[in-house]
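# Structural overview for review
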Amino acid sequence: MKILITGFGAFLTNEENPTREILKLLPKTIKGHPLVTCELPVVFDECFDYLKPVIDNEKPDAIFMLGLAGGRKAITPERVAINMKDTTGSDNNGNLPKDEVIIKGGKNAYFSTLPLRKMESVLKEKHIPVSISNTAGLFVCNNIMYHVLSYIDHNGLDIKAGFVHVPFMDEQEKKEEAFSLPLYDILEAVIDMLKTVL
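What you are looking at is a predicted structure, and each value in this text was computed from that prediction instead of being measured.

### Some words on the packing of helix α2 (residues 46-58) against helix α4 (residues 140-155)
Where α2 contacts α4, the two axes come as close as 10 Å, and the packing angle between them is 40 degrees. Our classification of the angle between α2 and α4 gives oblique. For the element pair α2 and α4, the recorded crossing hand is right-handed. Taking contact as the criterion, the partners of C47, F48, L51, K52, I55 and D56 in α2 are, on α4, V140, N143, I144, H147, V148 and Y151. Residue composition of the contact of α2 with α4, by class: 8 nonpolar, 2 polar and 2 charged.

### Quick look at the pattern of salt bridges
Summed over the entire model, instances satisfying the criterion amount to 11 salt bridges. A salt bridge links E39 to R20; the shortest N-O distance between them is 3.1 Å. Of the two residues, E39 sits in strand β3 (residues 33-40) while R20 sits in helix α1 (residues 18-25), which places them 19 residues apart along the sequence. On the accessibility criterion, E39 (34% relative accessible area) is partly exposed. R117 is paired through a salt bridge with E120; the nearest N and O atoms lie 2.8 Å apart. Placement of the pair is R117 and E120 together in helix α3 (residues 116-125), with a separation of 3 residues, close to one helical turn. Look at the salt bridges and you will find they share partners, linking R117, E120 and K124 into a network.

### Quick word on the nonpolar core
The nonpolar side chains of a soluble globular protein tend to be buried with one another. Core analysis: the largest hydrophobic core is formed by 34 residues, its most contacted members being L51, I63, I144 and V148. Looking at this core, the elements with two or more residues in it are β1 (3-8), β3, α2, β4 (62-68), α4 and β8 (160-166). Take this core: its biggest share by element is 9 residues, from α4. Sequence-distant contacts of L51, defined by excluding residues within four places in its chain, comprise L4, T6, C38, L40, I144 and V148. L66, V164, I186 and L187 belong to the second largest nonpolar core, which has 31 residues in total.

### What to know about the environment of C141
Summarising the element assignment, C141 is placed in helix α4. Accessibility expressed as a relative area gives 9% for C141, which makes it buried. In this structure, the C-alpha to C-alpha distance between C141 and M65, residues 76 residues apart in sequence, is 8.5 Å.

### Remarks on the packing of aromatic side chains
Following the criterion strictly, the structure yields 4 aromatic pairs and no others. Pairing F44 with F139 gives two aromatic rings, centres 5.5 Å apart and planes at 85 degrees, and the pair type is edge-to-face. On the criterion of sequence distance, the pair formed by F44 in the loop between β3 and α2 and F139 in the loop between α3 and α4 is long-range, its members being 95 residues apart. The buried category is assigned to F44, whose relative accessible area is 6%. The class of F139 is buried, set by a relative accessible area of 16%. Taken together, F11, F44 and F139 form an aromatic cluster joined through their ring pairs.

### Some remarks on the layout of surface pockets
By volume, the largest pocket amounts to about 280 Å³. Lining the largest pocket are 19 residues, and of these F11, L68, A69, F139 and H165 lie nearest its centre. Here the lining of the largest pocket is composed, by residue class, of 12 nonpolar, 6 polar and 1 charged. Of the volumes computed, that of the second largest pocket is approximately 200 Å³. Lining the second largest pocket, in full, are T13, N14, E15, E16, G70, G71, F168, Q172, E173, K174, K175 and A178. Residue composition of the lining of the second largest pocket, grouped by class: 2 nonpolar, 5 polar and 5 charged.

Cut-off values and rules
Residues numbered from 1 in each chain as written. Predicted model: local features only at pLDDT ≥ 70, side-chain atom pairs only at ≥ 80, totals over all residues. Heavy atoms only, no water. Axes fitted to C-alpha atoms, helices over the stretch in contact; angles between N-to-C directions. Helix = DSSP H or I, 4+ residues; strand = E, 2+ residues; numbered from the N terminus. Parallel < 35°, antiparallel > 145°, perpendicular 65-115°, else oblique. Left-handed = near helix turned anticlockwise from the far one by under 90°. Contact = heavy atoms within 4.5 Å. Nonpolar A, V, L, I, M, F, W, Y, C, P; charged D, E, K, R; others polar. Salt bridge = Lys/Arg side-chain N within 4 Å of Asp/Glu carboxyl O. Buried < 20%, exposed > 50% of the residue type's maximum accessible area, 1.4 Å probe, protein only. Core = buried A, V, L, I, M, F, W, Y, C linked by side-chain atoms within 4.5 Å. Phe/Tyr/Trp six-rings, centres within 6.5 Å; stacked < 30°, edge-to-face > 60°. 1 Å grid on protein atoms, 1.4 Å probe; cavity = no way out; pocket = protein on both sides within 12 Å on 5 of 7 lines; lining within 4 Å. Points joined across faces, edges and corners; volume = space filled by probe spheres on them.

Shape descriptors only; they carry no functional weight alone.
Given below as structure tokens:
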């Protein structure tokens, strides 16, 4: 079973992104199953244009997408992506969409097909802060989650897919009161969730 893991780099006021660091630190395999990583541009729609050929070439069995949600106090697997983009802060190309659909005529929403409750349970057993989230926001994270699940649906692909937001890492600059976790704790949590997917 092959898993494709995606993450992002710097965006808005975040000069560092734990998901980029996780991509660098992940092993090449877990229990003999290959992992493929891909850093995506923090740009509406272009993020999927970048990812689509990777999906087509790698033919993964699962797609595990990661993003930073600074301000959250837990690792948050996302339940749903909605067909909407709206932001008060521009993406890395200066796009500032307001009340725009992602795909015209597309479904209103898609649900994650990852084993969210099992992922949550595994992290709770290790006392890692975790909570299933019912909103991936309306920025690029929701955008890529929606695009991927729509692509899988429209092409009848047998691929499990979903998105997980992580909080700030201790090692990055942030407001002093902002919640964060050590990078290696986030990495351990990601590996545990990947094992659950496997």
